[in-house]
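So you can see what is in the structure, the chains are spelled out below.
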Amino acid sequence: MAEALATHWVRAGHQVTIGGRDAHQAERLATRIGGGAQPAGLRAAAESGHVVLAALPFGAGAEVARDLRAALDGKVLIDCSNPVGPGFRLLTEGGPSAAQRLAAAAPGARVVKAFNLCHEDVWRMRPPVFDGRPLAVPLCGDDEEALGRVRALVRDVGCEPVAGGGLERAALLEATAALFIALWVGEGADAQAIAPPLAYAVGPGRPEAGGGTGHPDGPSDT
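Residues numbered from 1 in each chain as written. Predicted model: local features only at pLDDT ≥ 70, side-chain atom pairs only at ≥ 80, totals over all residues. Heavy atoms only, no water.

Draft legend 1. The arrangement of the overall build of the chain in detail. The number of helices and strands found in the chain is 8 helices and 11 strands. A principal-axis box enclosing the C-alpha atoms of the chain has dimensions of 70 × 40 × 35 Å. Burial analysis of the chain (222 residues in total) assigns 37% to the buried set. Considering only contacts in the chain between residues 6 or more positions apart, those separated by 24 or more positions represent 69%. For the chain, the accessible surface area stands at approximately 12,600 Å², while carbon and sulfur atoms represent 53% of it. For the chain, the distance from the average site of its 20 positive side-chain charges to the average site of its 25 negative ones is 6 Å. (Helix = DSSP H or I, 4+ residues; strand = E, 2+ residues; numbered from the N terminus. Buried < 20%, exposed > 50% of the residue type's maximum accessible area, 1.4 Å probe, protein only. Contact = heavy atoms within 4.5 Å. Areas by Shrake-Rupley, 256 points an atom, 1.4 Å probe, with all protein chains shown as cover. Lys, Arg positive; Asp, Glu negative; His and termini not counted. Charge placed at Lys NZ, Arg CZ, Asp CG, Glu CD.)

Draft legend 2. Fine view of the layout of surface pockets. Put simply, the largest pocket is a space of about 1,700 Å³. Around the largest pocket, the lining is made up of 46 residues, and of these Leu 117, Cys 118, Leu 135, Ala 136 and Phe 180 lie nearest the centre. Taken together, the elements giving at least two residues each to the lining of the largest pocket come down to helix 6 (120-123), strand 9 (133-134), strand 10 (136-141), strand 11 (160-163) and helix 8 (170-187). The element best represented in the lining of the largest pocket is helix 8, accounting for 6 residues. Partitioned by chemical class, the residues of the lining of the largest pocket number 35 nonpolar, 7 polar and 4 charged. Roughly 1,200 Å³ of internal volume is contained in the second largest pocket. Lining the second largest pocket are 47 residues, with Thr 17, Ile 18, Gly 19, Val 52 and Leu 53 sitting closest to its centre. Contributions of two or more residues to the lining of the second largest pocket are made by helix 1 (2-11), strand 1 (17-19), helix 2 (23-33), helix 3 (42-48), strand 3 (51-54), helix 4 (60-67) and helix 7 (144-156). (1 Å grid on protein atoms, 1.4 Å probe; cavity = no way out; pocket = protein on both sides within 12 Å on 5 of 7 lines; lining within 4 Å. Points joined across faces, edges and corners; volume = space filled by probe spheres on them. Nonpolar A, V, L, I, M, F, W, Y, C, P; charged D, E, K, R; others polar.)

Draft legend 3. Quick look at the side chain of Asn 116. Mapped onto the secondary structure, Asn 116 falls in the loop between strand 7 (110-113) and helix 6. Residue class for Asn 116 comes out buried when judged on its relative accessible area of 3%. There is a polar contact of 3.3 Å between the side chain of Asn 116 and the backbone oxygen of Leu 173. The residues contacting Asn 116, other than those within four sequence positions of it, are Cys 80, Ser 81, Asn 82, Leu 173, Glu 174 and Ala 177. (Polar contact = N/O pair within 3.5 Å; in protein donor to acceptor, adjacent residues only side chain to side chain.)

Draft legend 4. Quick peek at the sheet that holds strand 11. With mixed pairing, 5 strands are arranged side by side in an open sheet as 3-4-7-10-11. Taken across any chain shown, the strands that pair with only one partner, and hence form the sheet edges, are strand 3 and strand 11. Pairwise comparison of adjacent strand axes, ignoring direction, gives a mean angle of 30 degrees for this sheet. Relative to strand 10, strand 7 is paired through 2 bridges, and the arrangement is antiparallel. (Pairing = 2+ DSSP bridges. Axes fitted to C-alpha atoms, helices over the stretch in contact; angles between N-to-C directions.)

Rendered as structure tokens:
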């Protein structure tokens, strides 16, 4: 995820620092991304930018954020993780979302949930456009300035940001990912096919009175 997204951001003119526990891996990744991307340790990377992408698996994210909480103070922290386990089970069920755990681990950071609904290879596309329509990216967060910064980064990837609500709704994004992964991977089903077009999202338009299909406020014949 770091390579896929950072490649777009470097091309858009952003300064990017790749942080890692393994200095050699961070250096190799920065070299692959190119465009002046610089390698650094985790703390130095967290301190260097205004926005930090936590490209970490669920479970590791909160631990790293806790270690770096001082460096992350005031920063926009993007959580793209999916807490999905064996059997496509949501690992946070009954508890806080992965994004909320990240926020609790680094309370001075402004956490935004984003980029969690697609495989990394989708984010490598230039740009992710399907049937002429840019991919929509839902965002959940509580800080409007942080959301504004992430919206700009979404557009730099070639996608369109969509308001997903406050950070408490990040759990819904994570559950959606768990369902979509189960459909795509587990069933080989087209997850897009479960949603109707926007014009029908709240049901087709009611027939006009006198249209021969019964009173518009009456019971259905189905």
